[in-house]
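Chain by chain, the residues run as shown.
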Number of protein chains: 2
Amino acid sequence: MSKTVLVVYAHPEPKSLTRTFVSETLQTLESLGYNVLQSDLYSMNWKATFDEADFPSRANSEKLMFIQESEHAYTTAQQTQDVHAEQQKLLAADAVIFHFPLWWFGMPAILKGWIDRVYAYGFAYGYKGQGNRYRYGDGIFKGKRAILSVMVGGPNQDYSPRGINGPLDELLFPITHGALFFPGFDVLPTHVVYGTGKVEPDRIKKELRSWGVRLEHLFDEAPIPFRRQDSGNYEANTLVSHLATDKTGLSIHIDD
Amino acid sequence: MSKTVLVVYAHPEPKSLTRTFVSETLQTLESLGYNVLQSDLYSMNWKATFDEADFPSRANSEKLMFIQESEHAYTTAQQTQDVHAEQQKLLAADAVIFHFPLWWFGMPAILKGWIDRVYAYGFAYGYKGQGNRYRYGDGIFKGKRAILSVMVGGPNQDYSPRGINGPLDELLFPITHGALFFPGFDVLPTHVVYGTGKVEPDRIKKELRSWGVRLEHLFDEAPIPFRRQDSGNYEANTLVSHLATDKTGLSIHIDD
């Protein structure tokens, strides 16, 4: 059976570089024979704000507690239709591709709100109602792959290992490790185009070709070797002391 | 003249821990004699999504380019009223306090959307129309202070220097360094309450007292010593090679 790929994207302008990449993605995936699902967040008018409207039937009408209501709505099948539909797409997908421009070193709010709302308790966290037992390499998305395709206005150098903005991979760690690896995805290295403020047509072609090659290897490229919670690398949720002794910060959670 | 403090918060439930802290903040700031401004994003029904509605009068009606339209709207005083009002509060403030729960290792979408929309080109970036000349310690908010007050569901250990989630300060670096220090704020160390899933009343009291002490020192506490772009620490936007030789990743941008 052919694979299914979900493409989630967050830019309203069809002529934007982000959307040019989305078009390349859709064409390439179809040419590769995959089933393609889409979440065009802007055209869907995706509701970004996670609020009481997400819980039409409340477990506790006196006090809005998000985790409790999220679990209640999810387990009693009383979520909103838009959230349910996105969860079904995620479950159907063998891989998920996120296309977005980097805004203030993170996702546009509309995409953050997709994570906030779709990632229900019992689904993307508290899987099987068991708190943090299934996370970081295990969880509902285990066996699926995910990749970010990010458009960055600034130059590569500013995001290099000692660049002034910080390394892009570390700025995106809350997404790759926190929002993707946590619920079980194998996360591929982020695909980045820098300097998108001014891009010559020749470079666009070249960048699209590079991205096309990544897409061709979507299911055989090695994922980022984030350390799994159940790998024995952690004791009491802390990295054991003999590992990554030469590094500090976020990168200690990558086993290279 | 007494100082002015802007309190921006992102939780819709008045009985939530986040809002309990907001109440403490408002009371304490008033008792200290400060002028207090508020942005209660949920009650304001803040529009999270940055889109074409942000540009009622377009520079280019054929293709929506956010930076170009943001600059145009800002410099020609044609921004939406809600964005303009927030910018005026920021300009009036001597300090800004952000209260929010950590959702998927970052801000709730409604707060990210406040950054996305309020931080116009010419205002929070591209200051004085001069690209990246004024950033990281210089910019429109120079001389102002900012602090995050964050409610975290998980335990402290998971966010410790070698904790499985990554250190909280590094997960928040895109906000503290990227969204606050970049446009010129002096950023105070983040105030965190962990384990907010279940908090006994006694601990709440204790945590509120700790926070109250932080507030009393809002204008005299030492900020995080992020390295300034104009400090001589960077050459070609890259940290010079003799600095922070014993560290990797984001923390090299802190001069401790």
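Every chain's residues receive numbers from 1 upward, in the order its sequence appears when written. Written order determines the labels here, with chains lettered from A and ligands numbered from 1. The predicted nature of this model means local features are confined to residues of pLDDT at least 70 and side-chain atom pairs, given and counted, to a pLDDT of 80 or more, with totals for whole chains, interfaces and linings taken over all residues. With hydrogens and water set aside, each side-chain value is computed from the structure's full complement of heavy atoms.

Asks: Please give an account of the overall build of chain A that cites residues and values.
Replies: A count of helical and extended segments in chain A gives seven helices and eight strands. Within these notes, the globule rule equals 2.2 Å times the number of residues to the 0.38 power, and the radius of gyration is based on C-alpha atoms. At 19 Å, chain A has a C-alpha radius of gyration in line with the 18 Å of a compact globule built from 256 residues. In terms of overall dimensions, chain A has a C-alpha envelope of 55 × 50 × 40 Å along the principal axes. Only protein chains enter the accessibility calculation, which uses a 1.4 Å probe; a residue is then buried when its area is under 20% of its type maximum, exposed when over 50%, and partly exposed in between. For chain A, buried positions account for 60% of its 256 residues. By definition, residues are in contact when any of their heavy atoms lie within 4.5 Å. Here the contacts in chain A between residues at least 6 apart in sequence split such that 74% fall between residues at least 24 apart. Each accessible area value is a Shrake-Rupley result obtained with a 1.4 Å probe; residue values ignore everything except the protein chains displayed when judging cover. For chain A, the exposed area adds up to about 10,300 Å²; of that, 49% sits on carbon and sulfur atoms. In this charge count, Lys and Arg are treated as positive and Asp and Glu as negative; neither His nor the chain ends contribute. The atom standing in for a charge is NZ when the residue is Lys, CZ when it is Arg, CG when it is Asp and CD when it is Glu. Positive and negative side-chain charges of chain A, numbering 25 and 30 respectively, have mean locations separated by a distance of 1 Å. Secondary structure counts use DSSP, requiring at least four H or I residues in a row for a helix and at least two E residues in a row for a strand, with both numbered from the N terminus.

Asks: Can you break down the nonpolar core residue by residue, with the values?
Replies: For soluble globular proteins, the rule of thumb is that nonpolar side chains tend to be buried together. Grouped together as the largest cluster of nonpolar side chains are 133 residues, with contacts concentrated most on Trp114(A), Tyr119(A), Phe98(B) and Trp114(B). With sequence-adjacent residues up to four places away left out, Phe98(B) is seen in contact with Val8(B), Leu111(B), Trp114(B), Ala146(B), Ile147(B), Leu148(B), Ser149(B) and Leu180(B). What makes a nonpolar core is a set of buried Ala, Val, Leu, Ile, Met, Phe, Trp, Tyr and Cys residues whose side-chain atoms join them at distances within 4.5 Å.

Asks: Give a detailed account of the pairing of strand 3 (residues 95-101) of chain A, specifying residues and quantitative values.
Replies: All names here are of chain A. Burial of strand 3 is extensive: seven of the seven residues sit out of reach of the surface. Burial of the side chains of strand 3 extends over both faces: Ala 95, Ile 97, His 99 and Pro 101 are buried on one face and Val 96, Phe 98 and Phe 100 on the other. Between any two strands, pairing holds if DSSP finds at least two bridges. Sheet analysis places strand 1 (residues 4-9) next to strand 3, joined by five bridges and oriented parallel. Along strand 3, the bridge assignment pairs Leu 6 with Val 96. Here strand 3 pairs with strand 4 (residues 145-151) via seven bridges, running parallel. Across the sheet, the residue bridging to Ile 97 is Ile 147, located in strand 4. The definition of a right-handed crossover adopted here requires that, viewed with the strands pointing away, the path from the first strand over the helix to the second runs clockwise. You can see the chain leave strand 3, run along helix 4 (residues 109-118) and come back into strand 4, and the turn it takes is right-handed.

Asks: Outline the interface of chain B and chain A, listing residues and values.
Replies: In this complex, chain B contributes 68 residues to the contact, which on the side of chain A involves 68 residues. Accessible area that two parts lose when put together, evaluated with a 1.4 Å probe and summed over both, is termed the buried area. Contact between chain B and chain A buries roughly 5,200 Å² in total, counting both sides, with carbon and sulfur atoms accounting for 59%. Sorting the residues of chain B by area buried against chain A places Trp104(B), Arg162(B) and Ile164(B) first, and these three jointly supply 19% of that buried surface. Should a side-chain nitrogen of Lys or Arg be within 4 Å of a carboxyl oxygen of Asp or Glu, the pair is scored as a salt bridge. If you look at where chain B meets chain A, you find two salt bridges.

Asks: Can you tell me about the environment of Pro56(B), naming the residues and giving the values?
Replies: All names here are of chain B. Along the chain, the position of Pro 56 falls in the loop between strand 2 (35-40) and helix 2 (66-75). Overall, Pro 56 belongs to the exposed group, its relative accessible area being 60%. In the structure, Pro 56 is positioned 18 residues away from Gln 38 in sequence and 26 Å away in space, judged by C-alpha atoms. Apart from residues lying up to four places away in sequence, Pro 56 is in contact with Gln 78 and Thr 80.

Asks: Tell me about helix 7 (residues 201-216) of chain B, residues and numbers included.
Replies: Residue and element names in this part refer to chain B. What a helix is expected to span follows from its residue count: subtract one and scale by 1.5 Å. Between its first and last C-alpha atoms helix 7 spans 23 Å; for 16 residues at 1.5 Å apiece the expected length is 22 Å, and the two agree. Burial in helix 7 covers these residues: Glu 207, Leu 208, Trp 211, Gly 212, Arg 214 and Leu 215. Seen from one end, helix 7 has its buried residues packed into an arc of 155 degrees, which puts them on one side. Helix 7 presents Asp 202, Lys 205, Lys 206 and Arg 209 as exposed residues on the side facing more than 90 degrees away from its buried surface. Tucked into the core, helix 7 has its buried residues touching helix 1 (17-31), strand 3 (95-101), strand 4 (145-151) and strand 6 (191-193). Within this analysis, the arc is defined by the directions that extend from the helix axis to the C-beta atoms.

Asks: Just give me the short version of the packing of helix 3 (residues 81-92) of chain B against helix 4 (residues 109-118) of chain B, but keep the residues and values in it.
Replies: For any two helices packed against each other, the geometry comes down to the angle between their axes and how far apart the axes lie. Residues and elements named next belong to chain B. Here, axes are lines fitted to C-alpha atoms. For helices the fit covers the stretch in contact, and angles between N-to-C directions go from 0 to 180 degrees. Across the interface, helix 3 lies against helix 4 with an axial gap of 10 Å and an inter-helix angle of 90 degrees. Put simply, helix 3 runs roughly perpendicular to helix 4. Seen from helix 3, the contacting residues are Asp 82, Val 83, Glu 86, Gln 87 and Leu 90; seen from helix 4, they are Trp 114, Arg 117 and Val 118. Polarity classes work like this: nonpolar for Ala, Val, Leu, Ile, Met, Phe, Trp, Tyr, Cys and Pro, charged for Asp, Glu, Lys and Arg, and polar for all others, with Gly in that last group. Of the residues that constitute the contact of helix 3 with helix 4, the class distribution is four nonpolar, one polar and three charged. The scheme is simple: roughly parallel for angles under 35 degrees, roughly antiparallel for over 145, roughly perpendicular for 65 to 115, oblique for anything else.

Asks: Kindly report on the UniProt feature "domain: Flavodoxin-like fold" (unreviewed entry) in chain A, identifying the contributing residues and their values.
Replies: UniProt positions are given in the numbering used here, feature names are shortened, and annotations may be inferred rather than shown by experiment. Mapped onto this numbering, the UniProt entry gives "domain: Flavodoxin-like fold" (unreviewed entry) at residues 3-212 of chain A. The straight-line gap between the two end C-alpha atoms of residues 3-212 of chain A is 17 Å; of that span, 34% is helix and 15% is strand.

Asks: Describe the relation of the copies chain B and chain A, with residues and values.
Replies: After a rotation of 180 degrees and a shift along the axis of 0.0 Å, chain B superposes on chain A with an RMSD of 0.0 Å. Seen this way, the second copy is the image of the first under a two-fold rotation axis. Minimal C-alpha distance to the rotation axis in chain B is attained by Ala109(B), lying at 2.4 Å. The copies are overlaid by a least-squares fit using only the C-alpha atoms of residues whose pLDDT is at least 70 in both copies.

Asks: Tell me about the side chain of Asn165(B), and name the residues and values.
Replies: With respect to the element layout, Asn165(B) can be found in the loop between strand 4 and helix 5 (168-171). Separated by 2.6 Å, the side chains of Asn165(B) and Tyr136(A) make a polar contact. Those residues in contact with Asn165(B) that sit more than four places away from it in its chain are Arg135(A), Tyr136(A), Phe173(A), His177(A), Phe105(B), Asp158(B), Tyr159(B) and Leu171(B). By the criterion applied in these results, polar contacts are pairs of N or O atoms within 3.5 Å in which, for protein atoms, one can donate a hydrogen and the other can accept it, and in which residues neighboring in sequence qualify only through two side-chain atoms.

Asks: Go over the domain arrangement of chain A, please, and point to the residues and values.
Replies: Many structure descriptions define interface size as the accessible area lost when the parts assemble. Residue and element names in this part refer to chain A. Per the domain assignment, the segments making up chain A are domain 1 (4-224) and domain 2 (226-256). For the domain bounds, the source is a domain assignment made automatically or taken from a database. Here the C-alpha centre of domain 2 lies 25 Å away from the C-alpha centre of domain 1. Opposite the 13 residues of domain 1 that make contact, domain 2 presents nine residues. Roughly 1,100 Å² of surface becomes buried between domain 1 and domain 2 when both sides are summed, with 58% attributable to carbon and sulfur atoms. For the interface between domain 1 and domain 2, the tally reads zero salt bridges. Our count for the domain 1 to domain 2 interface comes out at seven residue pairs in polar contact (both at pLDDT 80 or more). With four residues, helix 6 (residues 173-181) is the largest single contributor of residues to the side of domain 1 that touches domain 2. For the side of domain 1 that touches domain 2, the residue count by class is five nonpolar, four polar and four charged.

Asks: Could you give an account of the pattern of salt bridges, with specific residues and numbers?
Replies: Evaluated as defined, the whole model comprises 28 salt bridges over all chains. Taking the shortest distance from any N to any O, the salt bridge between Arg117(B) and Asp82(B) comes out at 3.1 Å. Within this pair, whereas Arg117(B) is found in helix 4, its partner Asp82(B) is found in helix 3, the two being separated by 35 residues in sequence. Judged by relative accessible area, which is 3%, Arg117(B) ranks as buried. Through salt bridges with shared partners, a single ionic network connects Lys47(A), Asp51(A), Asp54(A), Asp82(A) and Arg117(A).

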